[in-house]
Protein chains: 2
Amino acid sequence: MKGAILWFTGLSGAGKTTISRLVAERLRRQGYRAEVLDGDLVREHLSKGLGFSREDRDTNVRRIGLVARLLARNGVVALVAAISPYRDAREEARRDTLADKAHFVEVYVKCDLATLAARDVKGLYKKAADGSLPNFTGVSDPYEEPADPDLTLRTDAGTPDERAAEVMEFIARRRLLADAAREADVRYPDY
Amino acid sequence: MKGAILWFTGLSGAGKTTISRLVAERLRRQGYRAEVLDGDLVREHLSKGLGFSREDRDTNVRRIGLVARLLARNGVVALVAAISPYRDAREEARRDTLADKAHFVEVYVKCDLATLAARDVKGLYKKAADGSLPNFTGVSDPYEEPADPDLTLRTDAGTPDERAAEVMEFIARRRLLADAAREADVRYPDY
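Residues numbered from 1 in each chain as written. Chains lettered and ligands numbered in written order. Predicted model: local features only at pLDDT ≥ 70, side-chain atom pairs only at ≥ 80, totals over all residues. Heavy atoms only, no water.

*Asks:* Help me understand the overall build of chain A, please; the structure alone is not making it clear to me.
*Replies:* When you go through chain A residue by residue, the secondary structure sums to seven helices and five strands. In chain A, the order of α-helices and β-strands from amino to carboxyl end is β-α-β-α-α-β-α-β-α-α-β-α. Along the longest, intermediate and shortest principal axes, the C-alpha atoms of chain A span 50 × 35 × 30 Å. For chain A, the exposed surface amounts to about 8600 Å²; the carbon and sulfur share of it is 49%. Between the centroid of the 32 positive side chains of chain A and the centroid of its 31 negative side chains there is a distance of 2 Å. (Helix = DSSP H or I, 4+ residues; strand = E, 2+ residues; numbered from the N terminus. Areas by Shrake-Rupley, 256 points an atom, 1.4 Å probe, with all protein chains shown as cover. Lys, Arg positive; Asp, Glu negative; His and termini not counted. Charge placed at Lys NZ, Arg CZ, Asp CG, Glu CD.)

Written out as structure tokens, the structure reads:
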């Protein structure tokens, strides 16, 4: 069994968690094992106490990566939804995953900063702009765009369902899950 | 697919990691998916910066528990080898695992303190006794024995192989892995 990591990177509010949950649902409906590891889960359960320095962000990404790899090498599709702003950290995750003989797909969830700031679902961009929320990726902290992502999802327009369908098409086209774990009935909630 | 957590608790040097690695090897040889999550792995990768207060130890156990559950609910056998000195934390892990519809087996790896101190493979008991290593479980920090472990392995005498065989017999007798993930060829190194 050969699983995969789908690594969704992008700015806050771009749709990483929403899309990865939709993809996980679709995969489970097809009988695959899928787990969403998103930034909130990890901050709450694996990385409490870590801050927003580059070092802490890298540590955070390494922890997500380790858990995702443990799943992927056991035939599960691990959907990581984390800003993961630094290119080197994402590349390290890719190398380690390939060394474990699982697939790694970098999915760039791309949305214009102006659009994100205008939507501002959680009110974070406003706080970042007025300085009350420091170290905010894309505003006051760096985001290094993927140089050569496996897949880019534009989320300035369209619906999350359309983007999830794009991911599913990508998976099918690449025959990514030919060796993944599969069974008739997969039902459980996300953590 | 229904995996399991085998949770090895006991004092430092009692044989938790050694035995769990042997069990993992045997399981893999039978085609099961198995992962060892031991204290060192977790301290190095998931819990750097945590100390030895009760709160930090509990946080550590919760993190191991989360990773183990993610594996177990996907059909993998997660072998946790961690001192995990507090009964409440272990019980929490059990409850959460059962809620996820996976099996949970508490394995008490039991060895007399005098025997451990005499063996003192890593020289830690000497340091604990002379006070240069504080908060050492069983010496200067509490260890709460399991009240009703599913399995107790005495490691004062005998070989790790004999104890691993006991675990395998327990698994077979309880038909614990009837629904676990299985395949012909499982080969990968422990993290």
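*Asks:* Can you walk me through the pattern of salt bridges in this structure?
*Replies:* Side-chain pairs of opposite charge can arise where the charged atoms are in close proximity. Summed over the entire model, instances satisfying the criterion amount to 37 salt bridges over all chains. Salt-bridge contacts for R73(B) lead to D100(B); the nearest nitrogen and oxygen are separated by 3.5 Å. Of this pair, R73(B) sits in the loop between α3 (54-72) and β3 (77-81) while D100(B) sits in the loop between α4 (87-99) and β4 (103-110), placing them 27 residues apart in sequence. Through salt bridges with shared partners, a single ionic network connects R90(A), E91(A), R94(A), E106(A) and D150(A). (Salt bridge = Lys/Arg side-chain N within 4 Å of Asp/Glu carboxyl O.)

*Asks:* Which parts of the structure should I look at to understand the pairing of strand β5 (residues 151-154) of chain B?
*Replies:* When a strand is regular, its side chains alternate between the sheet's two faces. Residues and elements named next belong to chain B. Of the two faces of β5, the one holding L151 and L153 is buried and the one holding T152 and R154 is not buried anywhere. Of the strand pairs in this sheet, β4 and β5 are connected by four bridges, and their pairing is parallel. From the neighbouring strand, V109 faces β5, where its bridge partner is L153. (Buried < 20%, exposed > 50% of the residue type's maximum accessible area, 1.4 Å probe, protein only. Pairing = 2+ DSSP bridges.)

*Asks:* Could you clarify how one ought to interpret the environment of V42(A) in this entry?
*Replies:* Residue and element names in this part refer to chain A. Among the secondary structure elements, V42 is positioned in helix α2 (residues 39-45). Given a relative accessible area of 1%, V42 falls into the buried group. Excluding anything up to four places from it in sequence, V42 contacts S47, N60 and I64. (Contact = heavy atoms within 4.5 Å.)

*Asks:* Please explain the sheet that holds strand β5 (residues 151-154) of chain A as it appears in this structure.
*Replies:* What links the strands of a sheet is backbone hydrogen bonding, and the strands pair in either a parallel or an antiparallel sense. Residues and elements named next belong to chain A. One open sheet accounts for five strands, arranged β2-β3-β1-β4-β5; its pairing is parallel. Looking at the sheet topology across the chains shown, the edges are occupied by β2 (34-38) and β5. Taken pair by pair, the neighbouring strands of this sheet meet at an average axis angle of 20 degrees, ignoring direction. Of the strand pairs in this sheet, strand β1 (residues 4-9) and strand β4 (residues 103-110) are connected by six bridges, and their pairing is parallel. Of the residues in β4, the one forming a bridge with T9 is Y108. Sheet strands in contact with helix α1 (residues 16-29) are β1, β2, β3 (77-81), β4 and β5, and its direction is about 170 degrees off that of β2. Docked against the sheet, helix α4 (residues 87-99) engages β1 and β4, running at close to 155 degrees with respect to β4. (Axes fitted to C-alpha atoms, helices over the stretch in contact; angles between N-to-C directions.)

*Asks:* Sorry if this is basic, but what is going on with the packing of α3(B) against α4(B) here?
*Replies:* How two helices pack is summed up by the angle between their axes together with the distance between the axes. All names here are of chain B. Contact geometry of α3 with α4 gives a least axis separation of 10 Å together with a crossing angle of 20 degrees. By the angle class used here, α3 and α4 are roughly parallel. In the crossing of α3 with α4, the sense of the turn from one axis to the other is right-handed. Here R54, D58, V61, R62 and R69 of α3 lie close against α4, whose contacting residues are D88, A89, E92, D96 and T97. (Parallel < 35°, antiparallel > 145°, perpendicular 65-115°, else oblique. Left-handed = near helix turned anticlockwise from the far one by under 90°.)

*Asks:* Any chance you could explain the environment of Y32(B) here in plain terms?
*Replies:* Residue placement: Y32(B) occurs in the loop between α1 (16-29) and β2 (34-38). Separated by ten residues in the primary sequence, Y32(B) and L22(B) place their C-alpha atoms 13 Å from one another.

*Asks:* Just to check I follow, could you spell out the sheet that holds β3(B) for this structure?
*Replies:* All names here are of chain B. Taking strand neighbours across the sheet as the criterion, the five strands line up as β2-β3-β1-β4-β5 in an open arrangement whose pairing is parallel. Both edges of this open sheet fall to β2 and β5, since each of them pairs with a single strand only. With direction set aside, neighbouring strand axes in the sheet form an average angle of 20 degrees. Strands in contact with α3 are β1 (4-9), β2 and β3; relative to β1, the strand with the most contacts, it is inclined by about 150 degrees.

On their own, these measurements won't tell you what the molecule is for.
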